[in-house]
Protein chains: 2
Amino acid sequence: MTYQLHYWPTIQGRGEFVRLALEEAGAAYADVARGDGEDGGEQALMEDMAGHDRPPFAPPYLVDGDLVIGQTANILLHLGLRHGLAPRGEGGRLWVNQLQLTIADLVAEAHDVHHPVGLGLYYEDQKAEAARRAEEFRTQRMRKFLGWFETVLERAPPKAEGGGGWLTGQALTYADLSLFQAVEGLRYAFPNAMKRLEPKLPRVIAVRDAVAERPNVAAYLASERRIPFSTEGIFRRYPELDP
Amino acid sequence: MTYQLHYWPTIQGRGEFVRLALEEAGAAYADVARGDGEDGGEQALMEDMAGHDRPPFAPPYLVDGDLVIGQTANILLHLGLRHGLAPRGEGGRLWVNQLQLTIADLVAEAHDVHHPVGLGLYYEDQKAEAARRAEEFRTQRMRKFLGWFETVLERAPPKAEGGGGWLTGQALTYADLSLFQAVEGLRYAFPNAMKRLEPKLPRVIAVRDAVAERPNVAAYLASERRIPFSTEGIFRRYPELDP
């Protein structure tokens, strides 16, 4: 069965966390709004979203047969179970969901850096406020979030022979894929801050590198399906915010 | 078995969403940091949190036997299943999690109103920026979030004889408890904006009222266990932000 992913067609955004899980799983999916037909485009996306009995609040959402699933972490909770991208046991599943929700918090703060006073305003209308917020984000929040993931990796059970160093220890989960994406996004948006931080994050960077080498992920990243980062997305490179 | 809830001892905050679920379920729990012993207080909270093999990133977290569960929506996912506060079926569980994550987004934005440029700064150091952000929140974001919940309630399956009008239709879930808390918080922080909005939200207000009348919830709200709202919490009443 083919999943239908509904997300803004021109950015990575939050949809990218879902795309990475679908790609790693080798799952068949249509990235609906990126299609050429009458289902494609932002207008069709908004109309489709509003029409469901259980309407999502915002993209991304995934249609899986009768299920219409919104909220990135919720979609991944579903896909993780379906495709072996999360532990089967209750404690493991909750832990991976917890890791994912913490990545979601980091992503939301990365977005707020360039939109501190108005989600509906342009960045150009809040540059001074963004500069204030960016300083705290670079010097405190990024360090706190990424340092926490480093600690999680440090305390994870020892890796199996030839195995991983993944967030849960033994096996890749969707949270590892999302950590990869967070690192990539932060490297794009805050290259200087990341250069200073990365020496303190060997385990986080090892996860990033291991994800990039997964055959399905590597093929995806090299394909046209991977939309480039840009100043339209969640992670934005504004040099004045990363001195 | 007694749950251990770990959260800041002097505010409702995000912990309140967990407290409401525990109270509605009639579950035995210790609100650890509010205790008098050596487990009480913020210092002990921080030390306990940092000591776990799977350390939570931030309070609240719940200890349930061997499980240490962080992230509010994740804790509720667990409690919902344990205490019949969520549907048993997969689709229903995902939908309630989606509702909860959308409430979490609303709560995060309510917090950002008074801390738009620095989580670590005082409100007094960002009053001008807060005024800008508050205007958009009052006139657009609150309306969009609460209007979405109104639509969800409008489209929910018809209520059973004598039953509810709950977010999923037939039965109370933890998302209804959280919607109650969101309405209470917004009424505290933005009384004027809410007075203007509420006439358009009859179903949302009906959920708020129905939750307040649940015997366990009513007893809790009347008890000393319910910490009052204050300008230390997530929802803050600053009259200049709600003209």
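This is a predicted model, so every value here is computed, not measured.

Undergrad: For this particular structure, what's the right way to read the overall build of chain A?
TA: Each helix and strand counted, chain A has nine helices and four strands in total. Scanning chain A from its N terminus toward the C terminus, one meets helices and strands in the order β-α-β-α-β-β-α-α-α-α-α-α-α. Against the globule reference of 18 Å for 243 residues, chain A gives a C-alpha radius of gyration of 18 Å, in line with a compact fold. Structurally, chain A occupies a C-alpha span of about 50 × 50 × 30 Å along its principal axes. Considering only residue pairs separated by 6 or more positions, chain A has 69% of its internal contacts joining residues 24 or more positions apart. When the accessible surface of chain A is summed, it comes to about 10000 Å², and 49% of that surface belongs to carbon and sulfur atoms.

Undergrad: Honestly, the relation of the copies chain B and chain A in this entry has me stumped. Any pointers?
TA: One chain copy maps onto the other through a rotation about an axis and a shift parallel to that axis. For the match of chain B to chain A, the screw axis carries a shift of 0.0 Å, the RMSD comes to 0.0 Å, and the turn is 180°. Each copy turns onto its partner about a two-fold axis. Proximity to the rotation axis, assessed at the C-alpha, singles out Pro116 of chain B in chain B; its C-alpha lies 2.6 Å from the axis.

Undergrad: Hey, could you run me through the sheet that holds strand 4 (residues 67-70) of chain B in this one?
TA: Remark on secondary structure: sheet strands pair via backbone hydrogen bonds, oriented parallel or antiparallel. Residue and element names in this part refer to chain B. Across the sheet, four strands lie side by side as 2-1-3-4; this open sheet has mixed pairing. Of all the strands in the sheet, just strand 2 (29-31) and strand 4 have a single pairing partner and so form its edges. If you compare each strand with its neighbour and ignore which way they point, the axes differ by 20° on average. As judged from the three bridges shared by strand 1 (residues 3-6) and strand 3 (residues 61-64), these two strands associate in the antiparallel manner. Opposite Gln4, over in strand 3, you have Val63 as the bridge partner. The strands touched by helix 3 (residues 72-82) within the sheet are strand 1, strand 3 and strand 4, with strand 4 carrying the most contacts at an inclination of about 125°.

The rules we used
- In every chain, residue numbers begin from 1 and rise along the written sequence.
- Throughout, the order in which chains and ligands are written sets their labels, letters from A for the former and numbers from 1 for the latter.
- Reporting of local features is limited, given that this is a predicted model, to residues whose pLDDT is at least 70; pairs of side-chain atoms are given and counted only at 80 or more, and all residues count toward the totals for whole chains, interfaces and linings.
- Computation of side-chain values: all heavy atoms of the structure, hydrogens and water removed.
- Counting from the N terminus, the helices are DSSP H or I runs at least four residues long and the strands are E runs at least two residues long.
- Here the globule rule reads 2.2 Å times residues to the power 0.38, and the radius of gyration is calculated from C-alpha atoms.
- Residue contacts are counted whenever heavy atoms from the two residues lie within 4.5 Å of one another.
- Using the Shrake-Rupley algorithm and a 1.4 Å probe, accessible areas are obtained, with residue cover drawn only from the displayed protein chains.
- Our superposition of the copies is a least-squares fit, built on the C-alpha atoms of residues whose pLDDT is at least 70 in both.
- For two strands to count as paired, DSSP must find a minimum of two bridges between them.
- Axis definition: a line fitted to C-alpha atoms, limited for helices to the stretch in contact. Angles are taken between N-to-C directions and run from 0 to 180 degrees.

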